[in-house]
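# Chains, contacts and geometry: an overview
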Amino acid sequence: MEPLIQMNKFEIVDMPGMTTIAFLVEENEIEYKQGKSLLSLQKIDSIDSQEEGKMKKTFNVIKTDDEPQLIVLLTLTNTKAILSTGELTAEGFKTTESNIPLNYGTLFNQVGVEYKEVEYTPNMKRHFSIIDTQTGEEVKPVLYTDEVTGKVKGRCKILPNRPYIVLELGFED
């Protein structure tokens, strides 16, 4: 009997001192035709297991159709961040040259706690992700409604003396 929910899965092995985070690039052509955003980033949770001193991460993504799913991988080490992209199909993950309009950069705040404000799309999707390089976790925005514009926005707390990586889907006008 075939499972009700079809999944595509891939595995990454992190060496000691490395942390890999994966994101699915979601496309929504129907919303794009309505003047909304075509792409958004969605972090993929992993199932982690230790194997011979290494961390094996298994990522599962719900299969939407027979088209390849675009994946962004961010691997953090003690001294650098490595960004790679690929496609996920029923046959597995394959690294590819990026055709994803992805920008990346860093945030570093030396003064005190700082808050970055970001807008959400009407369907509650984001074009960006902020990653704490010390914990390897995504900084989750606190949502609120802007009283002036009525739009849903998020406020990300940026701690002092801590580096962050920012991934953002860029669009050409």
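Quick look at the structure, then. Keep in mind that this is a model prediction, so the values were computed, not measured.

### Re the pattern of salt bridges
Counted according to the given criterion, the structure contains nine salt bridges. Of the charged contacts in the structure, one is a salt bridge between Asp45 and Lys43, with a shortest N-O distance of 4.0 Å. Asp45 sits in the exposed class, given a relative accessible area of 62%. On the accessibility criterion, Lys43 (22% relative accessible area) is partly exposed. What you see here is one network of salt bridges that share partners, running through Glu11, Glu51 and Lys56.

### Looking at the pairing of strand S13 (residues 152-158)
In this sheet, S13 lies alongside strand S10 (residues 114-119) in antiparallel orientation, the contact comprising six bridges. The partner of Lys116 across the bridge, within S13, is Cys156. Note: strand S12 (residues 142-145) against S13, four bridges, orientation antiparallel. Residue pairing for S13: Val142 is matched across the bridge by Arg155. Linking S12 back to S13 in an antiparallel pair, the connection comprises six residues, with Gly150 at a positive phi of about 80°.

What counts and what doesn't
- Just so you know, the residues in each chain are numbered from 1, in the order the chain's sequence is written.
- Under the rules for a predicted model, residues below a pLDDT of 70 receive no local features and side-chain atom pairs below 80 are neither given nor counted, while totals for whole chains, interfaces and linings still include all residues.
- Each side-chain value is derived from all of the structure's non-hydrogen atoms; neither hydrogens nor water enter the calculation.
- Only one rule defines a salt bridge in this text: a Lys or Arg side-chain nitrogen within 4 Å of an Asp or Glu carboxyl oxygen.
- Burial classes: relative accessible area under 20% of the type maximum marks a residue as buried, over 50% as exposed, and values in between as partly exposed (1.4 Å probe, protein chains only).
- Any two strands with at least two DSSP-identified bridges between them are counted as paired.
- Runs of H or I in DSSP of at least four residues are treated as helices and runs of E of at least two as strands, each being numbered from the N terminus.

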